[in-house]
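Topology and contacts: notes
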Amino acid sequence: MRIMCQVGMVMNLDKCIGCHTCSVTCKQAWTNRAGTEYVWFNNVETRPGQGYPRRYEDQQKWKGGWTLNRRGRLQLKSGNRLTKLLGIFASPVQPELADYYEPWTYDYQTLVTAPLGDDFPVARPKSLITGKDMKITWSSNWDDNLGGAGEMGQLDPIVETLREQANESIRFSYEKTFMFYLPRICEHCLNPSCMASCPSGAIYKRVEDGIVLVDQDRCRGWRQCVTGCPYKKVYFNHRTGKAEKCTFCYPRLEVGLPTVCAETCVGRLRYIGVFLYDADAVTAAASVPDEQDLYRAQLDLMLDPEDPEIVRIARQQGIPEDWLEAARRSPVYALAKKHQVALPLHPEYRTMPMVWYIPPLSPVVDLLSAQGHDAEEPGTLFGAIDALRIPAEYLAELFTAGDVDEVDRVLKVLAGMRSYMRGITLGGAGDESVAELIGYTGDELQQLYRLLAIAKYDERYVIPKAHVEQAHDLEELGCSLDLDGGPGMYETSAFGEMSGRPTPVAVETFAALKQRQTTAEAAGEEQLENRVNLLNWDGNGTPDGIFPKER
């Protein structure tokens with residue numbers, strides 16, 4: 001047994017309101033440079049919908065993740081080593097720019113320089129790739145809030161699968177409409193197919209915390225990682241010629257701070273903590289023949305941090321004491337393994353993803369209330385789960401490789417918790433029969449409620465700091481933020497970086513930063529006084545620059 005630590009995340013989808021704050025703050029902190037205009041390390045998708053990039057879940061087309069060969073061994077879905085070698089100079093099995101979207105800016109200078117006339121000047125959209133006028137036809141949130149679902153809803157790969165199985169499973173008619181939000185980041189998998197796909201070995205998994213990163217010095221731009229990742233969370237920077245992906249905000253984690261997306265989440269739906277797992281058993285768990293057994297196989301990898309034998313072996317193998325303590329207090333372990341209400345995204349890809357999701361229950365309660373029922377009454381609530389407005393089959397295709405029973409089990413636990421806590425909230429005692437019905441005790445349901453509903457900051461984010469003796473190992477060999485002149489790479493102008501030319505308007509004004517850091521005077525203060533440094537904000541108080549200064 002080889003015990004290792006993995007930093008993981010759990011997202012409670014009942015709390016996501018689709019505000020995209022996590023996406024915007026991640027964009028501002030990590031992908032506000034030329035070449036990354038279309039890159040969203042964090043994005044929030046409306047389901048049902050095609051996702052981002054468009055139809056990324058269609059692995060029959062994109063060939064992402066793993067499959068089992070004839071001998072029952074893991075093999076990249078895109079082909080074996082020989083197949084990959086023969087196609088190394090051409091990688092057609094990956095999304096094109098149109099599947100993401102062609103990033104654009106607006107020609108704001110026209111509004112200022114247009115001559116006086118009877119017509120109002122227009123800031124035309126211009127491609128950030130070609131610099132030419134363009135027509136906007138698609139973006140990362142094009143089907144946000146079911147926009148265009150009546151026309152394009154059936155293009156969702158999961159909807160297609162369900163329609164093949166049962167033609168009446170999903171209808172995009174008013175009375176049957178449902179939706180929920182699905183925030184996505186890199187899964188930082190235990191068995192990452194992006195890493196296995198990389199010919200140059202540039203993608204690696206950190207031994208200390210399991211975060212998957214791209215070594216910018218070793219990356220040669222083969223783009224095989226884009227093909228290999230089934231979640232399509234590896235992006236190609238067309239300016240630097242390098243692959244980039246979510247870093248799980250490792251500079252913040254190393255000092256004990258949560259990721260930017262978690263720190264700024266309005267709904268407080270994200271939890272970050274540590275798993276202990278058996279690294280020697282990962283391949284066997286990912287190789288189970290039945291896809292519906294993959295969820296349970298992944299759960300079996302997670303080791304009990306309270307087990308004295310596990311703790312003894314972990315200490316022998318050099319895992320620090322504070323990391324063991326963090327594993328014992330970990331909210332992600334409690335939700336995923338102890339209470340088993342969090343599920344992995346698409347376990348059938350066999351990558352062993354480490355970002356987990358608690359499926360949404362709210363539409364059930366909302367529907368019952370709208371119909372005049374007592375939405376928290378146990379009999380009514382449990383019975384309604386079988387007629388869930390969000391089809392359980394849809395959730396099962398997302399989280400359990402189609403196993404509806406597992407989704408029903410999780411939803412009944414969540415419904416039972418609500419019903420039990422209702423009695424306590426109204427001044428009485430919890431109904432122990434409700435707890436017994438779902439295999440829980442009243443104390444366990446109260447623990448689950450505290451974690452899901454009223455957990456404090458230090459309960460949602462249990463992040464051990466990096467050790468001083470690991471400092472050299474944690475140094476990055478290269479970072480895309482440091483390449484080719486740094487963020488922005490261009491001189492500044494009145495409307496951002498050379499507005500109307502193929503450079504992004506929203507990019508941090510690097511020229512002003514450079515001026516401020518290399519001159520004796522406080523140069524650049526006027527341009528930067530309302531800029532917010534979210535990457536280094538510790539979450540306490542109000543960050544500098546978030547509110548305009550009074551003049």
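Keep in mind it's a predicted model, so treat the numbers as computed, not measured.

Across the interface, helix H19 (residues 392-399) lies against helix H20 (residues 404-425) with an axial gap of 8 Å and an inter-helix angle of 105°. With respect to H20, the element H19 is oriented roughly perpendicular. Here Ala-392, Glu-393, Leu-395 and Ala-396 of H19 lie close against H20, whose contacting residues are Val-404, Val-407, Asp-408 and Leu-411. Within the contact of H19 with H20, the residues separate by chemical class into six nonpolar, no polar and two charged.

Note on soluble globular proteins: their nonpolar side chains tend to be buried together. With 131 residues, the main nonpolar core has Leu-276, Leu-335, Val-341, Trp-356 and Phe-399 as its most contacted residues. Here the element with the most residues in this core is H20; it accounts for nine residues. With residues near it in sequence (within four places) discarded, Leu-335 still touches Val-10, Tyr-271, Gln-340, Val-341, Ala-342, Ile-358, Leu-448, Leu-451 and Leu-452.

With that settled, consider the sheet that holds strand E1 (residues 3-12). Pairing between the strands of a sheet comes from backbone hydrogen bonds, and it takes one of two forms, parallel or antiparallel. Pairing in this open sheet of four strands is mixed, and the strands run E12-E1-E14-E13 from one edge to the other. The sheet is open, and its two borders are formed by strand E12 (270-278) and strand E13 (343-344), each paired with just one other strand. Relative to E12, E1 runs antiparallel, the two sharing nine bridges. Following the sheet pairing, Val-7 is matched in E12 by Val-274.

Our focus in this paragraph is a nonpolar patch on the surface. The grouping of Leu-82, Leu-85 and Leu-86 at the surface amounts to a nonpolar patch, some 370 Å² of accessible area in total. Residue position: Leu-85 is located in helix H3 (residues 81-86). Classification of Leu-85 by relative accessible area gives exposed; the value is 57%.

Turning our attention to the environment of Gly-241. Topologically, Gly-241 is positioned in the loop between strand E10 (234-237) and strand E11 (242-245). Given the relative accessible area of 23%, Gly-241 is considered partly exposed. The residues touching Gly-241, leaving out its near neighbours within four places in the chain, are Arg-220, Gly-221 and Phe-236.

Together, Asp-431, Glu-432, Glu-436, Asp-443 and Glu-444 line one region of the surface with negative charge. Sorting the residues of the negative patch by element identifies helix H21 (432-437) and helix H22 (442-454) as the ones contributing at least two each. Using a relative accessible area of 37% as the deciding quantity, one classes Asp-431 as partly exposed.

This paragraph deals with the packing of aromatic side chains. Two aromatic rings, taken as a pair, are described by how far apart their centres are and by the angle between their planes. Applying the stated criterion across every chain yields a total of 15 aromatic pairs. With a centroid separation of 4.9 Å and an interplanar angle of 70°, the aromatic rings of Tyr-38 and Tyr-100 are classed as edge-to-face. One end of the pair, Tyr-38, is in the loop between helix H1 (21-30) and strand E2 (43-47); the other, Tyr-100, is in helix H4 (residues 97-100), and 62 residues separate them in sequence. Considering the side-chain rings of Trp-138 and Trp-142, the 6.5 Å spacing of their centres and the 40° angle between planes classify their relative orientation as tilted. Given the relative accessible area of 35%, Trp-142 is considered partly exposed.

This brings us to helix H14 (residues 308-316). The complete set of buried residues in H14 reads Ile-310, Val-311, Ile-313 and Ala-314. For H14, the arc enclosing every buried residue in end-on projection is 165°, short of the 170-degree limit, so these residues lie on one face. For H14, the exposed residues set more than 90 degrees away from the buried face come down to Pro-308 and Gln-316. Where H14 is buried, its residues meet E1, E12 and helix H15 (321-328). Between a side-chain oxygen at the N-terminus of H14 and the backbone nitrogen of Glu-309 the separation is 2.9 Å; the capping residue is Asp-307. Taken from the residues just after H14, Gly-318 is the one with a positive phi, measuring 90°.

What follows concerns the pattern of salt bridges. Applying the stated criterion across every chain yields a total of 18 salt bridges. Here Asp-280 makes a salt bridge to Arg-2, at a shortest N to O gap of 3.3 Å. Here Asp-280 is found in the loop between E12 and helix H12 (282-286), whereas its partner Arg-2 is found in the segment before E1, with 278 residues between them in sequence. The salt bridge involving Arg-450 is made with Glu-459; its shortest N-O contact spans 3.0 Å. Given a relative accessible area of 37%, Arg-450 falls into the partly exposed group. Glu-459 gets classed as partly exposed once you look at its relative accessible area, which sits at 26%.

For the rest of this paragraph, the subject is the pairing of strand E14 (residues 355-358). With burial as the criterion, each face of E14 is covered, one bearing Val-355 and Tyr-357 and the other bearing Trp-356 and Ile-358. Relative to E14, E1 is paired through four bridges, and the arrangement is parallel. When the bridges of E14 are listed, Met-9 appears paired with Val-355.

What counts and what doesn't
- Residues numbered from 1 in each chain as written.
- Predicted model: local features only at pLDDT ≥ 70, side-chain atom pairs only at ≥ 80, totals over all residues.
- Heavy atoms only, no water.
- Axes fitted to C-alpha atoms, helices over the stretch in contact; angles between N-to-C directions.
- Helix = DSSP H or I, 4+ residues; strand = E, 2+ residues; numbered from the N terminus.
- Parallel < 35°, antiparallel > 145°, perpendicular 65-115°, else oblique.
- Contact = heavy atoms within 4.5 Å.
- Nonpolar A, V, L, I, M, F, W, Y, C, P; charged D, E, K, R; others polar.
- Core = buried A, V, L, I, M, F, W, Y, C linked by side-chain atoms within 4.5 Å.
- Buried < 20%, exposed > 50% of the residue type's maximum accessible area, 1.4 Å probe, protein only.
- Pairing = 2+ DSSP bridges.
- Patch = residues over 30% accessible without salt bridge, like charges linked within 9 Å, V, L, I, M, F, W, Y side chains within 5 Å.
- Areas by Shrake-Rupley, 256 points an atom, 1.4 Å probe, with all protein chains shown as cover.
- Salt bridge = Lys/Arg side-chain N within 4 Å of Asp/Glu carboxyl O.
- Lys, Arg positive; Asp, Glu negative; His and termini not counted.
- Charge placed at Lys NZ, Arg CZ, Asp CG, Glu CD.
- Phe/Tyr/Trp six-rings, centres within 6.5 Å; stacked < 30°, edge-to-face > 60°.
- Arc of directions from axis to C-beta.
- Polar contact = N/O pair within 3.5 Å; in protein donor to acceptor, adjacent residues only side chain to side chain.

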